[in-house]
Amino acid sequence: MTDTRKTNGSNNPIPGFIKGMAVTMKALLTKPPTVNYPLEKETPVARARGVIALDPEACTVCMLCARECPDWCIYIEGHKEEVPPAKEGGRVRTRATLDRFDIDYALCMYCGICVEVCPFDALFWSPEYEYSEYDVSEMLHPMERLTDWLKTVPDPPPLES
Amino acid sequence: MTQQLDPVAAMHLSDAAVSVELETPDMTLNIGPQHPSTHGVLRLVARVDGERVESVEPVIGYMHRGYEKISEVRTFAQITALINRIDWVSGFANEIPFIVGVERLMDIEVPERAQYIRLILTEMTRISSHLLFMSSYPLELGAATPLMYALREREHVMDIIEGLTGGRFHPNFNRVGGVKPAAGGGSTQKKVSMDLQAGFIAATDAAMDKVLSVCDELDTLVTGNEFFQARTVGVGVIPAEKAILYGVSGPNLRASGVNFDLRKHEQVLPYDQFEFDIPVGANGDCYDRYLVRLAEIRQSVRIIKQAVSSIPSGPLQAKVPRVLKVPRGQTYVRAENPKGEMGYFIVSEGGRIPYRLKIRSASFSNLSILPWLLEDQLVPDLVAIMGSLDFVLGDVDR
């Protein structure tokens, strides 16, 4: 490691100051890297963990996500429904139906464990981030709102070959 | 009726008056818990005599979140998400020692590709953590411009971490047996692979060049700046033996001239396959601590450039059971965090939940030297010394 202390051998602050000013001058002439947020928007990356979308058709009320959630911020309720047999003389089957699927984003810490453990592909990450609220209770997204997020789920990015 | 005073006696009288006046009672100065130079909520109870600090007592615990206790009621997979938040500027590096400890308990061999991805992300975290230091430390000394430049290039590194893992600060990308293999896809559906996305290697190379260019900019802006040198050279000197006694680790220890880096000493990640130097300081002052970090950024860039060009192909995760049960046993794994030595002592009773998780964080030990270091320093130097130690209060209090 080179020790650059006291490079000019004097305590004269002017040379270092001028060198610094040259760097600042260069930055003054380049385009700013910032985005003027409410007016312009950056597109988040496809994998960004913004909000969780739900596909209620795929959910089988297995409760794996609610159990694995470190914050316990997923609330699920369901009931069993009897499905008439498809063929004459068949057995009456029961099917789990989703009544309630809420995620409390005030508690969620965006770890993505629920998306990962879901064995039926009912949960997806969407990179949407503009859902702040004035009231903390509004952060609890009910099933309909989670289903709406499904439209914003992007295709996965192509992989490095 | 006035009495004529003997001039000699009068002189002594005035001397006495002056010395009595100078014997001021020490003032107790509370710095923090809400102070911008404390990197969080640290309170320093300083007894000051004028500008001189007589003693300092750090009061910690304002950020205590009880990670060790909550880990006793969370599964191993959930803890990975939690421990991202210990030292929030180096989230990914926090996961490494824990996950490697679990893997050692379970006797799992990690695929080489996963190890390389871990290594690349750890070094990126180191760069982003050190660039944050490069921006905040001159700011504490009164230079506001380096903040903008260092944070601008740090954003490129953060973009790459986010593009790969989905999270800028809290990647939560490590899984027992490798890195996150898939997301948004279950066993019955097509999985969405979390492998390196297209353009990752090119983007990384470009970002590393930008990091190197900001290092050169910082050299002209900060390193060679006489004002900066006047504030830091010879200030807050930690001799090597004191640093070892207090358990100081990481760049702070190396600035004192001790060549000790866990990347070379522990086989947590395959660092032995890459060429890099360990920058070591000579004097242990604030300036050396700054220089060591700046040199470490350059070394990390060197490691990442080697790693992305030689990344092997293969699976992202080893075969692990679906329900993660860790066999009975205990282990301690430590790794080089950007702040210093980070270690996890894991005790497992054979279930899905650890029996005990003891976290050894670098910032806590680095902060413990403060009372000794700040004694007899000046109040303006207090900020310079505190900033140069580069601790994060989340890492101190856990």
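Model, not experiment: these values are computed from the prediction.

## Let's talk about the nonpolar core
Next, step 1: Grouped together as the largest cluster of nonpolar side chains are 112 residues, with contacts concentrated most on Phe98(B) and Met124(B).
Next, step 2: It is helix H5 (residues 112-140) of chain B that contributes the most residues to this core, twelve residues altogether.
Next, step 3: Among all residues touching Met124(B), those that are not within four sequence positions of it are Val157(B), Ile160(B), Ile161(B), Phe200(B), Thr204(B), Met208(B) and Ile304(B).
Next, step 4: If you look at the next biggest cluster of nonpolar residues, it comprises 29 residues, including Ile52(A), Ile74(A), Ile76(A) and Leu146(A).

## Some remarks on the interface of chain B and chain A
Next, step 1: With 62 residues of chain B at the interface, the matching set in chain A holds 44 residues.
Next, step 2: Across the interface of chain B and chain A, roughly 4,100 Å² is buried in total on both sides, 52% from carbon and sulfur atoms.
Next, step 3: Remark: the boundary between chain B and chain A carries three salt bridges.
Next, step 4: We note a salt bridge from Glu116(A) to Lys180(B), for which the minimum N-O separation is 4.0 Å.
Next, step 5: At the junction of chain B and chain A, the tally comes to eleven residue pairs in polar contact (both at pLDDT 80 or more).
Next, step 6: For the side of chain B that touches chain A, the leading source of residues is helix H6 (residues 145-165) of chain B, giving seven residues.
Next, step 7: Of the residues contributing to the side of chain B that touches chain A, the split by class is 23 nonpolar, 25 polar and 14 charged.

## Things to note about unusual backbone geometry
Next, step 1: Even without being a glycine, Trp72(A) presents a positive backbone phi close to 55°.
Next, step 2: Mapped onto the elements of the fold, Trp72(A) is located in the loop between helix H2 (64-68) and strand E2 (74-83).
Next, step 3: Even without a glycine there, the phi angle at Asn172(B) is positive, about 50°.
Next, step 4: Positionally, Asn172(B) belongs in the loop between H6 and strand E4 (174-175).
Next, step 5: Taking the relative accessible area as the measure of exposure, Asn172(B) reaches 1% and is therefore buried.

## Here's the deal with the pattern of salt bridges
Next, step 1: Under the criterion given, the structure shown has 37 salt bridges over all chains.
Next, step 2: Its salt-bridge partner being Arg175(B), residue Glu116(A) comes within 2.6 Å of it at the nearest N-O pair. Taken together, the positions of Glu116(A) in helix H3 (residues 113-117) and Arg175(B) in strand E4 put the pair across two chains.
Next, step 3: Arg175(B) gets classed as buried once you look at its relative accessible area, which sits at 11%.
Next, step 4: Among the charged side chains, a network of salt bridges with common partners joins Glu123(B), Arg126(B), Arg254(B), Asp261(B), Arg263(B), Glu296(B) and Glu336(B).

## Some words on the environment of Ile244(B)
Next, step 1: Within the element layout of this structure, Ile244(B) appears in helix H9 (residues 240-245).
Next, step 2: The sequence separation of Ile244(B) and Asn225(B) amounts to 19 residues, and the corresponding C-alpha distance is 31 Å.

## Observations concerning the sheet that holds strand E8 (residues 329-337) of chain B
All names here are of chain B.
Next, step 1: An order of E8-E9-E10 is seen for the three strands of this open sheet, with the pairing classed as antiparallel. In this open sheet, the two edge strands, each paired with only one partner strand, are E8 and strand E10 (354-360). Across the sheet, the mean angle from the axis of one strand to that of its neighbour is 15°, orientation sign disregarded.

## Brief notes about the confidence of the model for chain A
Next, step 1: Across chain A, pLDDT averages 81, with 92% of residues at or above 70.
Next, step 2: Considering only residues more than four positions removed or in separate chains, one finds that residues 1-9 of chain A, a stretch of pLDDT under 50, has 23 contacts.

## Section: the packing of aromatic side chains
Next, step 1: Scanning the entire structure with this criterion turns up 15 aromatic pairs over all chains.
Next, step 2: A centroid spacing of 6.2 Å and a plane angle of 25° characterise the contact between Phe76(B) and Phe98(B), whose relative ring orientation is stacked. You can see Phe76(B) sitting in helix H3 (residues 76-83) and its partner Phe98(B) sitting in helix H4 (residues 91-106), a full 22 residues away along the chain. When sorted by exposure, Phe76(B) lands in the same class as Phe98(B), which is buried.
Next, step 3: Centre to centre, the rings of Tyr137(B) and Phe228(B) are 5.9 Å apart; their planes meet at 85°, and the pair counts as edge-to-face. Residue Tyr137(B) is located in helix H5, and its partner Phe228(B) is located in helix H8 (residues 226-232); the two are separated by 91 residues in the primary sequence.
Next, step 4: Taking the relative accessible area as the measure of exposure, Tyr137(B) reaches 0% and is therefore buried.
Next, step 5: Among the aromatic residues, those joined into a cluster by ring pairs are Tyr105(A), Tyr110(A), Trp125(A), Tyr131(A) and Trp149(A).
Next, step 6: Seen from the ring of Phe276(B), Lys264(B) lies directly overhead, with NZ or CZ sitting 4.2 Å from the centre.

About the thresholds
- Residues numbered from 1 in each chain as written.
- Chains lettered and ligands numbered in written order.
- Predicted model: local features only at pLDDT ≥ 70, side-chain atom pairs only at ≥ 80, totals over all residues.
- Heavy atoms only, no water.
- Core = buried A, V, L, I, M, F, W, Y, C linked by side-chain atoms within 4.5 Å.
- Buried < 20%, exposed > 50% of the residue type's maximum accessible area, 1.4 Å probe, protein only.
- Helix = DSSP H or I, 4+ residues; strand = E, 2+ residues; numbered from the N terminus.
- Contact = heavy atoms within 4.5 Å.
- Buried area = accessible area lost by both parts, 1.4 Å probe.
- Salt bridge = Lys/Arg side-chain N within 4 Å of Asp/Glu carboxyl O.
- Polar contact = N/O pair within 3.5 Å; in protein donor to acceptor, adjacent residues only side chain to side chain.
- Nonpolar A, V, L, I, M, F, W, Y, C, P; charged D, E, K, R; others polar.
- Pairing = 2+ DSSP bridges.
- Axes fitted to C-alpha atoms, helices over the stretch in contact; angles between N-to-C directions.
- pLDDT = per-residue confidence, 0-100.
- Phe/Tyr/Trp six-rings, centres within 6.5 Å; stacked < 30°, edge-to-face > 60°.
- Lys NZ or Arg CZ within 6 Å of the ring centre and 35° of its normal.

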